[in-house]
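Understanding the architecture of this molecule
Letter by letter, the chains look like this.
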Amino acid sequence: MSDTAVGEVRQRIRELLVEVFGGPSFVGKVPDAVSLREAGVPSTALVALLVAMEDAFGFEWDDDVRPEVLRSIDSLAGHVVALRG
Amino acid sequence: MPADEAHDEYHHDLSYREGVPPVRTRQGVELYCESTGEGIAITTLNNFFFSAPFWRDYTDELARHYRVVSYDLCNHGRSTRLPQEPTWQEHTADVIGLLDGLEIDSTYLLASSASTQLARDVALAHPDRVRGLVLAGPVLGPQGMRRHRGLQRAWLRTLNDHDIPTLFSHMYPEFISTQMNEEYGAAGYLGLRESFLAMSTPEELNNGLTLAQKGDSSPELLTRIQAPTLIALGDDDILLSPTAGHELAALFPNGRCEIMPKAGHVPFLDDPAGFQELVRKFIDEAEAHV
């Protein structure tokens, strides 16, 4: 998976986060590697984001996903890219 | 489930209110406390897994009719941290100190799981301060608490052998109903896990689960509680069957049991509105007989 593809996944996750959480200016300021929770994204929005990601990327989350996967835009994108192989 | 529905379904605003003055309850102890609404007081009791803000989503309707008071236990959340985990007696003293600090003469106590033991203790020690009890998914059993404590011991072992995410994976299928397990799916599981992780540290859970296994487990204690008591029980609560729930309620001189269809061990998670309606009906009827 190329850097371009990873970047596209990150960008799509940002778009989904805006859709479920609102505040495009806020989401735009959240760095890729920063904890979403510490950045102020509530767990409510996170769940909605997870559901939206299932639809957008065509996969289903697994209960065994470690918390660190859900930590940031970077880690979420990394999970999607890893699933695509 | 569409994303916008998921946002509503899993809504947990766990943020603390800023600028809320803590309430001093005893020497060296101040508790974070939120008070919402007016009128007859309902005081929520955390079960070591919840924080005060967690209750908002499950008491919002009640707060339209009553004064809902939620607080963080000593050594938990934003309340004072002491070197030693408080005893049940000290937690009881904190409840009374909280009521004194808020100038509340008497209150209904709304407890869930492990905190139903605290509700029992407050009602026994200070019957004049308790208007009634709402025990949701109680750990009190009609014959004792051995099964509940065995489960708490297993949770504690999982926590100490692993970590909070592993504890959550152990607990989730036990305390969440079949219906919620199916409806929420993996995304809901992961989201609730995030809330769970945000509300407690390993030390808090260790201390809470350790304390939960202590205290008198005799059902006979319940026969001494004169306050009106509602057992709110999910019929999918693996810790207490509907039959046992009715037996438990019958131990209280003024007890009743309401069964919430398909709900689990924390029945208000399954049906927040239905639960609050049950509580409101219970309080209104209890007040009509005062």
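Worth saying up front: this structure is predicted, and the values here are computed from it rather than measured. (Residues numbered from 1 in each chain as written. Chains lettered and ligands numbered in written order. Predicted model: local features only at pLDDT ≥ 70, side-chain atom pairs only at ≥ 80, totals over all residues.)

On to the overall build of chain B, then. Summing up its helical and strand segments, chain B has 11 helices and 9 strands in all. Taking 2.2 N^0.38 as the reference for a compact globule, 290 residues should give roughly 19 Å; the C-alpha atoms of chain B span a radius of gyration of 18 Å, in line with that estimate. With respect to the three principal axes, the spread of C-alpha positions in chain B is 45 × 45 × 35 Å. When the 290 residues of chain B are sorted by exposure, 50% land in the buried category. Counting contacts in chain B only where the partners sit at least 6 residues apart, residues at least 24 apart contribute 75% of the total. (Helix = DSSP H or I, 4+ residues; strand = E, 2+ residues; numbered from the N terminus. Rg over C-alpha atoms; globule rule 2.2 N^0.38 Å. Buried ≥ 20, exposed ≤ 12 C-beta atoms within 10 Å, placed from the backbone. Contact = placed C-beta atoms within 7 Å.)

Okay, the overall build of chain A next. A count of helices and strands for chain A gives 5 helices and 0 strands. Reading the helices (α) and strands (β) of chain A from amino to carboxyl end gives α-α-α-α-α. Expected size for 85 residues packed as a compact globule is a radius of gyration near 12 Å; at 12 Å, chain A falls within 12% of this value. Projecting the C-alpha coordinates of chain A onto the three principal axes gives extents of approximately 30 × 30 × 20 Å. Looking at chain A as a whole, 35% of its 85 residues are labelled buried. Sequence-distant contacts in chain A: of pairs separated by 6 or more residues, those separated by 24 or more amount to 69%.

Let's shift gears to unusual backbone geometry. Residues and elements named next belong to chain B. Here the phi dihedral of asparagine 75 falls at roughly 75 degrees; this positive angle occurs in a residue that is not glycine. Residue class for asparagine 75 comes out buried when judged on the 22 C-beta atoms lying within 10 Å of it. Positive phi values are uncommon outside glycine, yet glutamate 103 reaches one of about 55 degrees. Its place among the elements puts glutamate 103 in the loop between helix 3 (88–101) and strand 6 (107–112).

This part covers the UniProt feature "domain: Carrier" (unreviewed entry) in chain A. Here, the residues flagged by UniProt with the feature "domain: Carrier" (unreviewed entry) are residues 7–84 of chain A. Regarding residues 7–84 of chain A, the helix share stands at 65% and the strand share at 0%, and the terminal C-alpha atoms are separated by 14 Å. (UniProt positions renumbered as here; feature names shortened; annotations may be inferred.)

Residues and elements named next belong to chain B. Taken in spatial order, the 7 strands of this open sheet run 3-5-4-6-7-8-9, and their pairing is mixed. What marks the edges here is a single partner per strand, and that holds for strand 3 (33–36) and strand 9 (255–260). In this sheet, neighbouring strand axes are inclined to one another by 20 degrees on average, regardless of whether the strands run parallel or antiparallel. Alignment of strand 4 (residues 41–45) against strand 6, held across 5 bridges, turns out to be parallel. By the bridge assignment for strand 6, threonine 44 is matched with leucine 110. (Pairing = 2+ DSSP bridges. Axes fitted to C-alpha atoms, helices over the stretch in contact; angles between N-to-C directions.)

Here we come to the interface of chain A and chain B. Counting residues at the interface gives 22 residues for chain A and 20 residues for chain B. Put simply, the parts of the chain that give the side of chain A that touches chain B at least two residues each are helix 1 (3–21) and helix 4 (43–57) of chain A. Looking at which element gives the most residues to the side of chain A that touches chain B, the answer is helix 4 of chain A, with 10 residues. When grouped by side-chain class, the residues that make up the side of chain A that touches chain B number 13 nonpolar, 2 polar and 7 charged. (Nonpolar A, V, L, I, M, F, W, Y, C, P; charged D, E, K, R; others polar.)

For the rest of this paragraph, the subject is the UniProt feature "domain: AB hydrolase-1" (unreviewed entry) in chain B. Sequence positions flagged by UniProt for "domain: AB hydrolase-1" (unreviewed entry) are, in local numbering, residues 55–272 of chain B. For residues 55–272 of chain B, helix accounts for 48% and strand for 14%, while the C-alpha atoms at its two ends are 10 Å apart.

Before going further, it helps to spend a moment on the packing of helix 5 (residues 146–161) of chain B against helix 8 (residues 202–212) of chain B. All names here are of chain B. Axis separation between helix 5 and helix 8 bottoms out at 9 Å; the angle between their running directions is 155 degrees. With respect to their mutual orientation, helix 5 and helix 8 come out roughly antiparallel. In this structure, helix 5 crosses over helix 8, and the sense of that crossing is left-handed. Touching Gln152, Trp155, Leu156, Leu159 and Asn160 of helix 5 are Pro202, Leu205, Asn206, Leu209, Thr210 and Ala212, all from helix 8. When grouped by side-chain class, the residues that make up the contact of helix 5 with helix 8 number 7 nonpolar, 4 polar and no charged. (Parallel < 35°, antiparallel > 145°, perpendicular 65-115°, else oblique. Left-handed = near helix turned anticlockwise from the far one by under 90°.)

So, about the pairing of strand 9 of chain B. Residues and elements named next belong to chain B. Relative to strand 9, strand 8 (residues 229–234) runs parallel, the two being bridged by 6 bridges. Considered in strand 9, the bridge of isoleucine 231 is made with cysteine 257. Once you follow strand 8 into helix 9 (residues 242–251) and on to strand 9, the crossover reads as right-handed. (Right-handed = clockwise from strand over helix to strand, strands pointing away.)

We now examine the confidence of the model for chain B. Scored by pLDDT, chain B has a mean of 94; 96% of the residues are at 70 or more. Predicted as a complex, the structure gets a pTM of 0.87 and an ipTM equal to 0.72. (pLDDT = per-residue confidence, 0-100.)

Here the focus is the nonpolar core. Formed by 110 residues in total, the largest nonpolar core has its most connected members in Leu49(A), Val134(B), Leu135(B) and Ala232(B). With 9 residues, the single largest contributor to this core is helix 4 of chain A. In contact with Ala232(B), other than residues within four places in its own chain, are Val134(B), Leu135(B), Ala136(B), Glu258(B), Met260(B), Pro267(B), Phe275(B) and Leu278(B). (Core = buried A, V, L, I, M, F, W, Y, C linked by C-beta atoms within 7 Å.)

Okay, the pairing of strand 5 (residues 67–71) of chain B next. All names here are of chain B. Counting buried residues along strand 5, 4 of its 5 residues qualify, which places the element largely inside the surrounding structure. Pairing geometry for strand 3 and strand 5, over 4 bridges, is antiparallel. Each residue of the ladder has a partner; that of glutamate 34, found in strand 5, is serine 70. In the sheet, strand 4 pairs with strand 5 via 3 bridges, with the strands oriented parallel. Note on strand 5: the bridge partner recorded for threonine 43 is valine 69.

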